[in-house]
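Residue strings, one per chain:
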Amino acid sequence: MGKSRRNFIKSSIAVGAGLALGASSFSSLGQGSGKKVRLAVIGTGSRGNFLIKHLLRENTTYNTYELVAICDNYAPHLEKTQGICAEYKSTPKAYSDYKKLINDRSVDGVILCTPLHQHAHITIECLEKGIHVLCEKSMARTIDDVKSMYDAHIRSGSILLIGHQRMFSKKYLSAMDRIHAGDFGPVGQIRAYWHRNKDWRRKVPKDAPHLERQLNWRLYKESSAGLLTELMSHQIQVANWALKQVPTSVQASGSIQFWKDGREVPDNIAAIFNYADGSKCIYDSMNTNRSYGVEEHIIADLATLRMETNKLQWDKPNQTIDGPMGVAKMVENIKNGEKKAEPIGGSTWKPETATKQKPEPIFVGQKGDGTVEELLTFVKFIQQKSVPKWMIKEAYNASIWTLLTEKAIDSGQTITCPEKYVI
Amino acid sequence: MNLKNINLFYDNYFGMNTLLEVVLWGQSELKQQRCFNQISAGLTLWEKILSRFDEEAETFVLNEKAVYAPVKVSTELWQSIRRCITYRELTHGLFDVFYLSDQSQEKSVDELLRLDTAHQTVHFVSSDTQVDFGGIGKGIFLEEVIRILDENEMENAFVSFGGSSIHSRGRHPHHEASWPFSFQPQFGMTEELSLTNTNLSISGLQSGNAHIYSPEENGLISTPKCVAVQGQSPVSVEVLSTSLIVADHEKQASMIKKIESEDIYYGVGTVNA
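A brief structural summary. Predicted, not measured: the structure shown is a model, and the values here were computed from it.

1. Structural notes on the overall build of chain A
Along chain A, the regular secondary structure elements total 13 helices and 16 strands. A burial count over chain A gives 45% of its 423 residues as buried. Restricting the contact set of chain A to residue pairs at least 6 apart, pairs at least 24 apart contribute 73%.

Here is the structure:
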């Protein structure tokens, strides 16, 4: 396979063991370097505060970084974040203008949690000033902006990491290693969905209705593609990662089916991604029922992995990628002159019904969804001044295909990726 | 051994929601193919008798109509019901094709249905009586397989019905006297068996430590959760393997005395639901 994806993944496991996922490795890094990485968070809305709380909490254990600055152009958010920081006895410098923050040249890395349409220009400005960036997913609002961010990363040499936290989760890393090693046979389908039952609205002050588009940026097409960029982008990244491919085309449909409240993005979407080897990713998302929740089913010849709920369920077909099993294998052995007993006996396999075997965990020991590891790994990458190339490629392709899915919805056509966006 | 001379035959067929696999050797290609064709046709036929899911199946129709009036049934279905009633008694009610009926365990057969031998009719006397041959259908069909193999003078055959119901006769082409057989590794049974002219039924097998039942130890050492029963009747071993899983020690000993078997293998693990 050469420097194959499997080797990339194996490398990532090594990275995980040494950099991203092992608690002891983080503490040793902090002791060794001496100089703390100076971090800033731009965008202190809900996601920004979520990450800031993680940073401040983990900072009590890992002394490798400090939060030196925060920034938001919406004063109530910034004030709230200052209060959170105070609880942790942290006093980062507060900015309302990101340009002033990055021109201060007092930060090594920026964690960018602004609305989607602001990702590209802020990221590119940071990268070109030598400031490393951990940008929330999805990368950008337009395909051209995604490409510009990637190009700026390559051109500047500054680190660009995208907030696909599953890439930092031991559970996912372990599963992908086994999938790519062929433990479960070829993957035929990814079935992924994210179902919620809420309007996704942020409260707008009654005396400031002009803030509607700023606070509810996820609902308007100028600033977001809604379910696609905010949710699906995570899961198409997982699908591409599992299949070790990017799609060849996407077909999709979307509608504003329930929340007819002036929003511009669909609250109900479905998409089919086609891959060169014939495998598929079947995706849907909605805002009007949460009973299915969030899941990625990775369906391979020998087993199904339910990634979000950490379940591995074996299937028992009598034919695998390595040849026949059971009686068919016995017949093959006979033809080869062998008389050894093949493992045949077991409970009846009923392939036409949903299997009821008790699943086993994919991985034991992963706490959380990988966000903590993502943040600490960003610090580590800044210290090392390097980032594995496969990570940005995963994020890039996830963002590109997320936005191509929007094109498929808007056009009603099967969409392929223009050559100029292929990296 | 020259494989061309032995005419090794392998084919499979799907029925009763299960994969049937047949290995034959030692007869002419034509005869073996004809034998397999008869087996696969027989499977389709028996599914049309025993299925409670197929709207055209006799059991489905029986479940739908027998509560309203006596339903005349085929000889095959009639005999199947009669045998299941006998096994219900031999297993202290643990093997119960009427389990879908409301509180079936507390009801006698007479409270569930009435059989008219003269007219070969079945009448459900309880409004919720239902029949399900799911626990015995493979065994019944293996009897049919044995009959077809006998008729076609097949001396060497290995038949697997979903890996859980096995019939073997004669020997493996490269083995002196039997068919070597082992269990799927995830179920934890490490025994390697030599099967010949016998039937094997496996129920609820799952990982765990396996051991062979010993009559000298006066019953089972621990509650079995995985059971493989070997014997001359494919129906008896099917019933016994199913019933032993849920029986207490006293009933296990009673059933083993009453129902014919050759060997019983136990695994202690969790039931594969």
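2. Considering the nonpolar core
The biggest cluster of nonpolar side chains holds 102 residues, and the ones touching the most others in it are A:Ala40, A:Ile42, A:Val110 and A:Ala242. With residues near it in sequence (within four places) discarded, A:Val110 still touches A:Ala40, A:Ile42, A:Ile102, A:Cys126, A:Ile131 and A:Val133. Membership of the second largest hydrophobic core comes to 77 residues, among which are B:Phe9, B:Leu20, B:Ala157 and B:Leu240.

3. Observations regarding the pairing of strand S2 (residues 65-71) of chain A
Residue and element names in this part refer to chain A. Most of S2 is tucked away: six of the seven residues are buried. Of the strand pairs in this sheet, strand S1 (residues 37-42) and S2 are connected by six bridges, and their pairing is parallel. Along S2, the bridge assignment pairs alanine 40 with alanine 69. Handedness of the crossover joining S1 and S2 through helix H3 (residues 46-59): right-handed. In this structure, S2 lies alongside strand S3 (residues 93-95), joined through three bridges in parallel fashion. By the bridge assignment for S3, alanine 69 is matched with lysine 93.

4. Some words on the packing of H3(A) against helix H4 (residues 75-87) of chain A
Residue and element names in this part refer to chain A. One can describe the packing of H3 onto H4 by two numbers: an axis separation of 10 Å at closest approach and a directional angle of 15°. The angle between the axes of H3 and H4 places the two elements in the roughly parallel class. Here the hand of the crossing between H3 and H4 comes out right-handed. Between H3, through Asn49, Ile52, Lys53 and Leu56, and H4, the contact on the second element is made entirely by Thr81, Ile84 and Cys85.

5. Considering the environment of B:Ser104
All names here are of chain B. Along the polypeptide, serine 104 turns up in the loop between helix H4 (75-90) and helix H5 (109-112). With 20 C-beta atoms counted inside 10 Å, the residue serine 104 sits in the buried group. A sequence separation of 24 residues divides serine 104 from aspartate 128, and the C-alpha atoms of the two residues are 9.4 Å apart. Residues contacting serine 104, with those up to four places away along its chain left out, are Asp96, Phe98, Tyr99 and Leu112.

6. Examining the sheet that holds S2(A)
Residue and element names in this part refer to chain A. Strand order in the open sheet formed by six strands is S3-S2-S1-S4-S5-S6, with parallel pairing between adjacent strands. What marks the edges here is a single partner per strand, and that holds for S3 and strand S6 (160-162). Between one strand axis and the next, the sheet turns through 20° on average, direction left out of account. Across the sheet, helix H6 (residues 119-128) is in contact with S1, strand S4 (109-112), strand S5 (132-135) and S6; its angle to S5 comes to roughly 160°.

7. A look at H4(A)
Helix length check: H4(A) (13 residues) gives 19 Å between terminal C-alpha atoms against 18 Å at 1.5 Å per residue, within 8%. Just downstream of H4(A) lies A:Lys89, where phi reads positive at about 55°.

8. Overview of the sheet that holds strand S4 (residues 113-116) of chain B
Residue and element names in this part refer to chain B. Here we have three strands laid out as an open sheet, ordered S3-S5-S4, and antiparallel in their pairing. The open sheet terminates on both sides in strands that have one partner only, identified here as strand S3 (71-72) and S4. Pairing between S4 and strand S5 (residues 121-124): four bridges, direction antiparallel. Each bridged residue has a counterpart across the sheet, and for aspartate 116 the counterpart in S5 is threonine 121.

9. Looking at the environment of A:Ile256
Residue and element names in this part refer to chain A. By secondary structure assignment, the location of isoleucine 256 is in the loop between strand S8 (249-255) and strand S9 (268-274). Here isoleucine 256 falls in the partly exposed class, since 17 other C-beta atoms lie within 10 Å of it. The sequence separation of isoleucine 256 and proline 266 amounts to 10 residues, and the corresponding C-alpha distance is 4.4 Å. Among residues more than four places away in sequence, those in contact with isoleucine 256 are Arg263, Pro266 and Asp267.

10. Focus: unusual backbone geometry
As a rule of thumb, non-glycine residues mostly have phi less than zero, and peptide bonds are mostly trans rather than cis. Residues and elements named next belong to chain A. Note that the residue after lysine 137, namely serine 138, is joined by a cis bond; omega there is -15°. Position of serine 138 among the secondary structure elements: in the loop between S5 and helix H7 (143-156). Here the phi dihedral of lysine 89 falls at roughly 55°; this positive angle occurs in a residue that is not glycine. If you trace the backbone, lysine 89 turns up in the loop between H4 and S3.

Analysis parameters
Residues numbered from 1 in each chain as written. Chains lettered and ligands numbered in written order. Predicted model: local features only at pLDDT ≥ 70, side-chain atom pairs only at ≥ 80, totals over all residues. Helix = DSSP H or I, 4+ residues; strand = E, 2+ residues; numbered from the N terminus. Buried ≥ 20, exposed ≤ 12 C-beta atoms within 10 Å, placed from the backbone. Contact = placed C-beta atoms within 7 Å. Core = buried A, V, L, I, M, F, W, Y, C linked by C-beta atoms within 7 Å. Pairing = 2+ DSSP bridges. Right-handed = clockwise from strand over helix to strand, strands pointing away. Axes fitted to C-alpha atoms, helices over the stretch in contact; angles between N-to-C directions. Parallel < 35°, antiparallel > 145°, perpendicular 65-115°, else oblique. Left-handed = near helix turned anticlockwise from the far one by under 90°. Expected span 1.5 Å × (residues − 1).

So yeah, pure geometry; function would need other evidence.
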